[in-house]
Amino acid sequence: MKATAITHSNIALIKYWGKYNPKLSLPMNGSISMTLDNLKTVTTVEFSDDFKEDKIEINDKAVDKKSEERIVAHLDRIRKLAKIKSKAKMASKNNFPTATGLASSASGFSALTIAACNAVGLNLDGKQLSIISRQGSGSACRSIFGGFVEWLPAKRSEDSYAVQIVDENYFDLRDVIAIVSSAEKKVSSAAGMMETVKTSPIYKTRLKIVKNSLKGMKRAILGKSFTKLGKMAEFDCLLMHACMLTTRPPLIYWSPATIDIIHAIEGWRKDGLEAYYTIDAGPNVHILALSESVREIEKRLKDISGVIDIIQNKPGGGAKTTGEHLF
Ligand code: PMV
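Residues numbered from 1 in each chain as written. Predicted model: local features only at pLDDT ≥ 70, side-chain atom pairs only at ≥ 80, totals over all residues. Heavy atoms only, no water.

**Brief notes about the overall build of the protein chain**
Then comes step 1: Along the backbone of the protein chain there are 8 helices and 14 strands.
Then comes step 2: Radius of gyration (C-alpha) of the protein chain: 19 Å, near the 20 Å computed for a compact globule of 327 residues.
Then comes step 3: Taken over the C-alpha atoms alone, the protein chain extends approximately 65 × 40 × 40 Å along its principal axes.
Then comes step 4: Counting only residues that meet the buried cut, the protein chain has 53% of its 327 residues in that class.
Then comes step 5: Look at the contacts in the protein chain between residues 6 or more apart in sequence, and 76% of them connect residues 24 or more apart.
Then comes step 6: As displayed, the protein chain offers around 14,900 Å² of accessible surface, 52% of which is attributable to carbon and sulfur atoms. (Helix = DSSP H or I, 4+ residues; strand = E, 2+ residues; numbered from the N terminus. Rg over C-alpha atoms; globule rule 2.2 N^0.38 Å. Buried < 20%, exposed > 50% of the residue type's maximum accessible area, 1.4 Å probe, protein only. Contact = heavy atoms within 4.5 Å. Areas by Shrake-Rupley, 256 points an atom, 1.4 Å probe, with all protein chains shown as cover.)

**Quick notes on helix α2 (residues 105-119)**
Then comes step 1: Over its 15 residues, α2 extends 20 Å from the first C-alpha to the last, a length consistent with the 21 Å expected when each residue adds 1.5 Å.
Then comes step 2: Burial runs high along α2: 12 of the 15 residues are buried.
Then comes step 3: The complete set of buried residues in α2 reads Ala-106, Ser-107, Phe-109, Ser-110, Ala-111, Leu-112, Thr-113, Ile-114, Ala-115, Ala-116, Cys-117 and Ala-119.
Then comes step 4: Looking at the buried residues of α2, the elements they touch are β1 (2-14), β4 (31-48), α1 (65-82), β7 (87-94), α3 (126-136) and β14 (320-322).
Then comes step 5: Phi for Gly-121, located one or two positions after α2, is positive at around 80°. (Expected span 1.5 Å × (residues − 1).)

**So, the side chain of Thr-35**
Then comes step 1: Relative to the helices and strands, Thr-35 resides in strand β4.
Then comes step 2: Its relative accessible area of 0% is what places Thr-35 among the buried residues.
Then comes step 3: Setting aside residues up to four positions removed in sequence, Thr-35 forms contacts with His-8, Ser-9, Asn-10, Arg-142, Phe-145, Gly-146, Gly-147, Val-149, Lys-314, Pro-315, Gly-316 and Gly-317.

**Quick look at empty space enclosed by the protein**
Then comes step 1: Following the criterion strictly, the structure yields 1 cavity of 30 Å³ or more and no others.
Then comes step 2: Of the volumes computed, that of the largest cavity is approximately 30 Å³.
Then comes step 3: Surrounding the largest cavity, His-241, Leu-245, Leu-251, Ile-252, Tyr-253 and Trp-254 form its lining.
Then comes step 4: Along the lines of polarity and charge, the residues of the lining of the largest cavity split into 5 nonpolar, 1 polar and no charged. (1 Å grid on protein atoms, 1.4 Å probe; cavity = no way out; pocket = protein on both sides within 12 Å on 5 of 7 lines; lining within 4 Å. Points joined across faces, edges and corners; volume = space filled by probe spheres on them. Nonpolar A, V, L, I, M, F, W, Y, C, P; charged D, E, K, R; others polar.)

**Details of the site of the ligand**
Then comes step 1: Not every one of the 14 residues close to the ligand is listed here, only the nearest: Ala-12, Tyr-16, Ser-137, Ser-139 and Arg-142.
Then comes step 2: At 3.4 Å, a backbone N or O of Gly-138 approaches an oxygen atom of the ligand.
Then comes step 3: Residue Arg-142 places a side-chain N or O atom 2.8 Å away from an oxygen atom belonging to the ligand.
Then comes step 4: When the ligand sits alone it has 380 Å² of accessible area, and the protein chains cover 92% of it.
Then comes step 5: Across the shell around the ligand, the residue classes tally to 6 nonpolar, 5 polar and 3 charged.
Then comes step 6: Counting the residues that make up the shell around the ligand, at least three belong to each of domain 1 (2-169) and domain 2 (173-313). (Near = heavy atom within 4 Å. Polar contact = N/O pair within 3.5 Å; in protein donor to acceptor, adjacent residues only side chain to side chain. Domains from an automatic or database assignment.)

**Structural notes on the pairing of strand β10 (residues 173-179)**
The two faces of the sheet receive side chains in turn, since in a regular strand these alternate between them.
Then comes step 1: The element β10 is extensively covered by neighbouring structure, given that 7 of its 7 residues are classed as buried.
Then comes step 2: Side chains Leu-173, Asp-175, Ile-177 and Ile-179 of β10 all project onto a buried face; the interleaved residues Arg-174, Val-176 and Ala-178 project onto the opposite face, where all are buried too.
Then comes step 3: Pairing of β10 with strand β12 (residues 285-290) involves 6 bridges; the strand directions are antiparallel. By the bridge assignment, Asp-175 is partnered in β12 with Leu-288.
Then comes step 4: Two elements, β10 and strand β13 (residues 309-313), share 5 bridges in a ladder whose sense is antiparallel. (Pairing = 2+ DSSP bridges.)

**So, the sheet that holds strand β11 (residues 276-278)**
Then comes step 1: Strand order in this open sheet of 4 strands is β11-β12-β10-β13, and the pairing throughout is antiparallel. The open sheet has two edge strands, β11 and β13, and neither has a second partner. Each neighbouring strand pair of the sheet contributes to a mean axis angle of 25°, computed without reference to strand direction.
Then comes step 2: Bridge count between β11 and β12: 3 bridges; the pairing is antiparallel. Along β12, the bridge assignment pairs Tyr-276 with Leu-288.
Then comes step 3: The strands touched by helix α7 (residues 256-270) are β10, β11 and β12; relative to β12, the strand with the most contacts, the crossing angle is about 20°. (Axes fitted to C-alpha atoms, helices over the stretch in contact; angles between N-to-C directions.)

**Let's talk about the nonpolar core**
Most often, soluble globular proteins keep nonpolar side chains buried together rather than apart.
Then comes step 1: Trp-17, Val-45, Phe-47, Ile-71, Leu-75, Leu-112 and Met-244 are the most contacted members of the largest nonpolar core, which has 37 residues in total.
Then comes step 2: Sorting the residues of this core by element identifies β1, β4, α1, β7, α2, α3, β8 (148-151) and α6 (226-245) as the ones contributing at least two each.
Then comes step 3: The leading source of residues in this core is α2, at 7 residues.
Then comes step 4: Each of domain 1 (2-169) and domain 2 (173-313) gives at least three residues to this core.
Then comes step 5: Within the second largest apolar cluster, 28 residues are counted, among which are Leu-39, Val-166, Ile-221 and Ile-311. (Core = buried A, V, L, I, M, F, W, Y, C linked by side-chain atoms within 4.5 Å.)

**Topic: the layout of surface pockets**
Then comes step 1: Considered as a void within the structure, the second largest pocket measures approximately 280 Å³ in volume.
Then comes step 2: For the second largest pocket, the lining is made up of 13 residues, of which Glu-184, Lys-185, Lys-186, Ile-252 and Tyr-253 are closest to its centre.

Printed below as a string of structure tokens:
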């Protein structure tokens, strides 16, 4: 009763922010992401009646209480589905430094879902795995698939899952991540989005706009129109951050270096270096570009003080299982 899964994180081009049903992680709006080939998680799960309690390790260390509770709750979901009571051992490793402040919940909960479901012998398809992953962390439902992925919003759990738009070989978009902080965010996405839905006076306006953005983004991906895709991703990022900024109390996830990079990218575009930015609930900046610009972008980022690391990504593949277990 042991299995191992490998999944990749993803970056949302049209963002998810706000839950219609917090318990089931049903989103207020649809979202579209690109799976990232260079942000990888490997997770092994084993269930056994010999284990007295669940044992969880990430990057060879025990996890804090809050993360442990969230992971155990996810294991409980899978135990319930499999109708078993056995305790589990879970070990997980990220190939990216955990101190980068990069979200590992998308790759983490999708890998946990697949490893645990396989370990208990549940034979589920991508849609079912996406629905289970979603309940661990919303964005994890998109990491089941490779390439460009859409998460469908719905009122019932069985109708809200991710689907692939095109695979990782269709459009060679790049995401160069500028890491500017290693600090953990003060307000988690889960807590922050609840407050935004309750208090931001512009939240409903974003929901109306996002409906069209999703259609436009799908067209841009299918048409491989980088300029349209970049402009739309940037606008949606700013619209989500506008909702965060107008939450009471305000959610300000940016740091001075975040703003410096935004201004730099605007300058690059004036010089003919085409790049666009998108930012999640944190200060790191994801720079969207075509492959021919990546080297120059990396060179220019190195000159910006405050950039502590740079991670390049191509569109990544979907979730996989492997016989190479972590323990
Ligand atoms: O999946 P969560 O609960 O970590 O929330 C993700 C929220 C954003 O990263 C800001 C947007 C997104 O769609 O990934």
